[in-house]
Amino acid sequence: MELCLSDKQILEAYPVMKQLRTHLSEQAYLKKVRECQKEGDYQLYAHRSDNRETVACCGVMNRQTLMTVVYGFVIWL
């Protein structure tokens, strides 16, 4: 997996992300990723095939909550 930092890298992941976020145009997607990176510590990763085509992507954010989930039950602390 490769961390997508440049606009070029982010846009190369768009065809895969478009399958899940069908409502986003390419420019809206880029804008949203940039906003999330700036405001929410968002990181976008892409997995590329041998010919550098993006075949999977994953977005992650670090978050802490006061909630713990145990076996499907929610426990508020």
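All figures in this text were calculated on a predicted structure; none of them were measured in a lab.

Take unusual backbone geometry next. Phi angles above zero are rare outside glycine, and arginine 52 is one such case at about 75°. Structurally, the position occupied by arginine 52 is in the loop between strand E2 (42-48) and strand E3 (54-61).

On to the pairing of E3. Alignment of E2 against E3, held across seven bridges, turns out to be antiparallel. Residue histidine 47 lies in a different strand from E3, and its bridge partner there is alanine 56. If you look at the hairpin formed by E2 and E3, you'll find five residues sitting between the two strands, and arginine 52 has a positive phi there, around 75°.

Glancing now at the confidence of the model for the protein chain. Confidence in the prediction of the protein chain, expressed as mean pLDDT, is 85, and 81% of residues score 70 or more. Ranking the helices and strands of the protein chain by mean pLDDT puts helix H1 (residues 7-12) first, with 96, and strand E5 (residues 73-76) last, with 45. Note on residues 71-77: pLDDT under 50 across the span, and eleven contacts to partners over four residues away in sequence or across chains.

Once that is clear, we can look at helix H3 (residues 26-40). With 15 residues, H3 ought to run about 21 Å at 1.5 Å a step, and its terminal C-alpha atoms sit 20 Å apart, in line with that. Taken as a whole, H3 has its buried residues at Tyr29, Leu30, Val33, Gln37 and Gly40. Buried residues of H3, seen end-on, are gathered within an arc of 145° and therefore sit on one face of the element. Set apart from the buried face of H3 by more than 90 degrees, the exposed residues are Gln27, Lys31, Lys38 and Glu39. Contacts made by the buried residues of H3 are with H1, helix H2 (14-20), E2 and E3. Following H3 by one or two positions, aspartate 41 adopts a phi angle in the positive range, close to 60°.

What counts, and at which threshold
Residues numbered from 1 in each chain as written. Predicted model: local features only at pLDDT ≥ 70, side-chain atom pairs only at ≥ 80, totals over all residues. Heavy atoms only, no water. Helix = DSSP H or I, 4+ residues; strand = E, 2+ residues; numbered from the N terminus. Pairing = 2+ DSSP bridges. pLDDT = per-residue confidence, 0-100. Contact = heavy atoms within 4.5 Å. Expected span 1.5 Å × (residues − 1). Buried < 20%, exposed > 50% of the residue type's maximum accessible area, 1.4 Å probe, protein only. Arc of directions from axis to C-beta.

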